[in-house]
Amino acid sequence: ATPVLWRVDVAERRLPNSLLLPVGSLAFGGLVALGLAHGAVPIAPVMSLVGTFLFFLILNLGGGMGMGDVKLAVVLAGVLALVRDDAVVAAAVVAFLSGGVAALVVHVRARQRSIPFGPFLLVGFWVALVLSR
């Protein structure tokens, strides 16, 4: 889903639910399967999801991020939490650092005040996934 999400967010400044919901359902299913396999609720992954949701929701309410970015961040955190809990934080750090650099470049060159953040969430996700192995 990465190439399509990237392209749509850059072109249309939105992240479609038609892509986010199926991927999110798979991540949620993975968390349920993990819980069933261990016979308990996977506390750390669930806390990673809740923390990610609250953090990005606060950014959304402040006007700095779209709701599609919030949903994408939660979906990506759900997948990363299945791999390694600290990968969620690493992904966010990479996303904000790379997005911040890109935003500065775009602002200086084009005086544009906003950028689509979905591609940077995806970069953070893939970097964290690769580094967590």
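Residues numbered from 1 in each chain as written. Predicted model: local features only at pLDDT ≥ 70, side-chain atom pairs only at ≥ 80, totals over all residues. Heavy atoms only, no water.

1. Some details on the side chain of Thr 52
Assignment of secondary structure puts Thr 52 in helix α3 (residues 43-61). Its relative accessible area of 9% is what places Thr 52 among the buried residues. If we ignore the near neighbours within four places in the chain, the residues touching Thr 52 are Ala 73, Val 74, Ala 77 and Val 88. (Helix = DSSP H or I, 4+ residues; strand = E, 2+ residues; numbered from the N terminus. Buried < 20%, exposed > 50% of the residue type's maximum accessible area, 1.4 Å probe, protein only. Contact = heavy atoms within 4.5 Å.)

2. Some points on a nonpolar patch on the surface
A cluster of nonpolar residues, Val 41, Ile 43, Val 46, Met 47, Val 50, Phe 53, Leu 54 and Met 67, forms a patch on the protein surface that exposes about 700 Å² of accessible area. The leading source of residues in the nonpolar patch is α3, at six residues. Take Phe 53: it is sitting in helix α3. According to the relative accessible area criterion, Phe 53 is partly exposed, its value standing at 34%. (Patch = residues over 30% accessible without salt bridge, like charges linked within 9 Å, V, L, I, M, F, W, Y side chains within 5 Å. Areas by Shrake-Rupley, 256 points an atom, 1.4 Å probe, with all protein chains shown as cover. Salt bridge = Lys/Arg side-chain N within 4 Å of Asp/Glu carboxyl O.)

3. Notes on the pattern of salt bridges
Pairing between side chains of opposite charge can happen when their charged atoms approach one another. Inspection of every chain in the model, using the stated rule, returns two salt bridges. A salt bridge links Arg 84 to Asp 86; the nearest nitrogen and oxygen atoms lie 2.8 Å apart. Judged by its relative accessible area of 39%, Arg 84 falls in the partly exposed class.

4. Some points on the confidence of the model for the protein chain
On average, residues of the protein chain carry a pLDDT of 93, and 100% of them reach 70 or more. Per-element averaging of pLDDT across the protein chain places helix α2 (residues 17-38) at the bottom with 90 and helix α6 (residues 118-131) at the top with 97. (pLDDT = per-residue confidence, 0-100.)

5. Quick word on the nonpolar core
Core analysis: the biggest nonpolar cluster contains 26 residues, and Leu 5, Phe 56, Leu 72, Leu 76, Leu 80, Phe 117 and Leu 121 have the highest contact counts within it. For this core, the element with the highest residue contribution is helix α4 (residues 67-83), accounting for seven residues. Beyond its immediate chain neighbours, meaning those up to four positions away, Leu 121 contacts Phe 56, Asp 69, Leu 72, Ala 73, Leu 76 and Ala 95. (Core = buried A, V, L, I, M, F, W, Y, C linked by side-chain atoms within 4.5 Å.)

6. Quick notes on the packing of helix α1 (residues 2-12) against α6
For any two helices packed against each other, the geometry is given by the interaxial angle and the distance between the axes. Close contact between α1 and α6 brings their axes to 8 Å; oriented N to C, the two are set at 155 degrees. Taken together, the axes of α1 and α6 are roughly antiparallel relative to one another. Every residue of α6 that contacts α1 at Thr 2, Leu 5, Trp 6, Asp 9 and Val 10 is listed here: Gly 118, Pro 119, Leu 122, Val 123 and Trp 126. Within the contact of α1 with α6, the residues separate by chemical class into seven nonpolar, two polar and one charged. (Axes fitted to C-alpha atoms, helices over the stretch in contact; angles between N-to-C directions. Parallel < 35°, antiparallel > 145°, perpendicular 65-115°, else oblique. Nonpolar A, V, L, I, M, F, W, Y, C, P; charged D, E, K, R; others polar.)

7. Looking at the packing of aromatic side chains
Centre-to-centre distance and the angle between the planes together describe a pair of aromatic rings. Within this structure, the stated rule accounts for six aromatic pairs. Taking the centre distance of 6.3 Å and the plane angle of 35 degrees together, the rings of Phe 117 and Phe 120 count as tilted. On the basis of relative accessibility, which here comes to 10%, the residue Phe 117 falls in the buried class. Judged by centre distance (5.0 Å) and plane angle (80 degrees), the ring pair of Phe 125 and Trp 126 falls under edge-to-face. (Phe/Tyr/Trp six-rings, centres within 6.5 Å; stacked < 30°, edge-to-face > 60°.)

8. Brief notes about the layout of surface pockets
As a volume, the largest pocket reaches approximately 350 Å³. Forming the boundary of the largest pocket are 18 residues, of which Gly 64, Met 65, Asp 69, Ile 115 and Phe 117 lie nearest the centre. Those elements that provide at least two residues to the lining of the largest pocket are α4 and α5 (86-110). With three residues, α5 is the largest single contributor of residues to the lining of the largest pocket. When the residues that make up the lining of the largest pocket are grouped by side-chain class, the tally is seven nonpolar, seven polar and four charged. As a volume, the second largest pocket reaches approximately 240 Å³. As for the second largest pocket, its lining consists of 17 residues, and the residues nearest its centre are Thr 52, Phe 56, Val 88, Val 89 and Ala 92. The class makeup of the residues in the lining of the second largest pocket is 13 nonpolar, three polar and one charged. (1 Å grid on protein atoms, 1.4 Å probe; cavity = no way out; pocket = protein on both sides within 12 Å on 5 of 7 lines; lining within 4 Å. Points joined across faces, edges and corners; volume = space filled by probe spheres on them.)

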